[in-house]
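What follows is the residue order along each chain.
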Amino acid sequence: MEHVIAFPGLGLEFTINRVAFTVFGKNFYWYGLIICIGFVLGALYLNARVKEFGFTSDNLIDCLLLCVPAGIICARIYYVVFEWKYYSQHLNEIIAIWNGGIAVYGSVIGAVLALWGYSRYKKVSFARLCDLAALGLLIGQLIGRWGNFVNAEAHGGVTALPWGMTIDGGDPVHPTFFYESLWNLIGFVALHFYSKKRKFDGEIALWYVAWYGLGRFWIEGLRTDSLYVFNALRVSQVVAIVSCAVAAFLLARAYNRIRVAKAFYVPGRDEPVPAEGPAPADQPEAAKAEPTPESEAMPLPEQAPSPDSEPDPTPTPQPDAAVDDKEET
């Protein structure tokens, strides 16, 4: 159950037991514990951002309850299908998932199918669900790959690089688990910030597929435990490069449509136009200054009061009367 994993070029050495702890005689492995940690952290992150994508925490819980079992089942089916030569002779081991044997691409396919079914049932955006799920998947994958480190598996071929990893004193090999974990970390950080200004629904999911596919194509070529089809092609490499190409094509087409739409956009063309007459701002000053009927009826200050108006109770002061010459004499 123990492995001595070392990085001679870095002066590091670890003695790791695959069993994390034992309860009532039942072993609990680090691999499963690390997967659970990745799942919990991914779920917490998604719950913190779920409203930004137009969903609720209840939607998230529903999706997790559907995607987790669907992902595990499809991950196992994917692995068994491409290892059918062995499992056809050991049918009783098909469900023995605790012995290992799952595939990441199978889990992604299962999660996508569950999200599609949920979106159809709830009548919500499938593309936005995939955008949200992509960020959670990156968290789960970048943490989950360290379960391969504990199990001393999913490594590459012999290498002379200074970070080469030895297992139980063997030759240094590529630590491909670390390559993929680092690749996913970079992708997550980039998409975390970019997702806040995404241009259309489904954009983040497409970038996830393109980014992960590109890295997986390169990393899979270094591994020594790949699944093969026709005994010649690495299954994960084929799926990775095809999915990456399709995602890149869809992204390019979507960005081109946005660019064309902006080029032909006329500001205000959708605003209502008055049926007749110029806008108030365009009317001549003379028209603006035309008095209203009410103002015409009001007398101006300099106008004399009409005969019918009541006399002013306050007498108007008169100038002193002229002195009569007769009275002086």
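Rules and cut-offs
Residues numbered from 1 in each chain as written. Predicted model: local features only at pLDDT ≥ 70, side-chain atom pairs only at ≥ 80, totals over all residues. Heavy atoms only, no water. Helix = DSSP H or I, 4+ residues; strand = E, 2+ residues; numbered from the N terminus. Buried < 20%, exposed > 50% of the residue type's maximum accessible area, 1.4 Å probe, protein only. Contact = heavy atoms within 4.5 Å. Axes fitted to C-alpha atoms, helices over the stretch in contact; angles between N-to-C directions. Left-handed = near helix turned anticlockwise from the far one by under 90°. Nonpolar A, V, L, I, M, F, W, Y, C, P; charged D, E, K, R; others polar. Salt bridge = Lys/Arg side-chain N within 4 Å of Asp/Glu carboxyl O. Pairing = 2+ DSSP bridges.

Description of the side chain of Asn 184
- As for its position among the elements, Asn 184 is in helix H7 (residues 176-194).
- Assessed through its relative accessible area of 0%, Asn 184 is described here as buried.
- When residues no more than four places from it in sequence are discounted, the contact partners of Asn 184 are Leu 138, Gln 141, Leu 142 and Tyr 212.

Observations concerning the packing of helix H5 (residues 126-144) against helix H8 (residues 203-220)
- Contact geometry for H5 and H8: axes closest at 6 Å, N-to-C directions at 35°. Like other packed secondary-structure pairs, H5 and H8 cross with a definite hand, here left-handed. Where H5 abuts H8, its residues Cys 130, Asp 131, Ala 134, Leu 135, Leu 137, Leu 138 and Gln 141 lie against Glu 203, Ile 204, Ala 205, Tyr 208 and Tyr 212.
- Here the contact of H5 with H8 is composed, by residue class, of nine nonpolar, one polar and two charged.

Structural notes on the pattern of salt bridges
- Enumeration according to the criterion identifies six salt bridges in this entry.
- Here Glu 52 and Arg 49 are joined by a salt bridge, their closest N and O atoms 2.9 Å apart.
- Overall, Arg 49 belongs to the buried group, its relative accessible area being 4%.
- Residue Glu 180 is joined to Arg 145 by a salt bridge in which the shortest nitrogen-to-oxygen separation is 3.0 Å. Of the two residues, Glu 180 is situated in helix H7 and Arg 145 in the loop between H5 and helix H6 (146-151); the sequence distance between them amounts to 35 residues.
- Within the structure, one salt-bridge network assembled from shared partners comprises Arg 216, Glu 220, Arg 223 and Asp 225.

Brief notes about the pairing of strand S4 (residues 26-29)
- The pairing of strand S3 (residues 19-23) with S4 spans four bridges and is antiparallel. Looking at S4, one finds that Thr 22 is bridged to Asn 27.
- Hairpin remark: S3 followed by S4, antiparallel, with two residues in the connecting loop; positive phi at Phe 24, about 50°.

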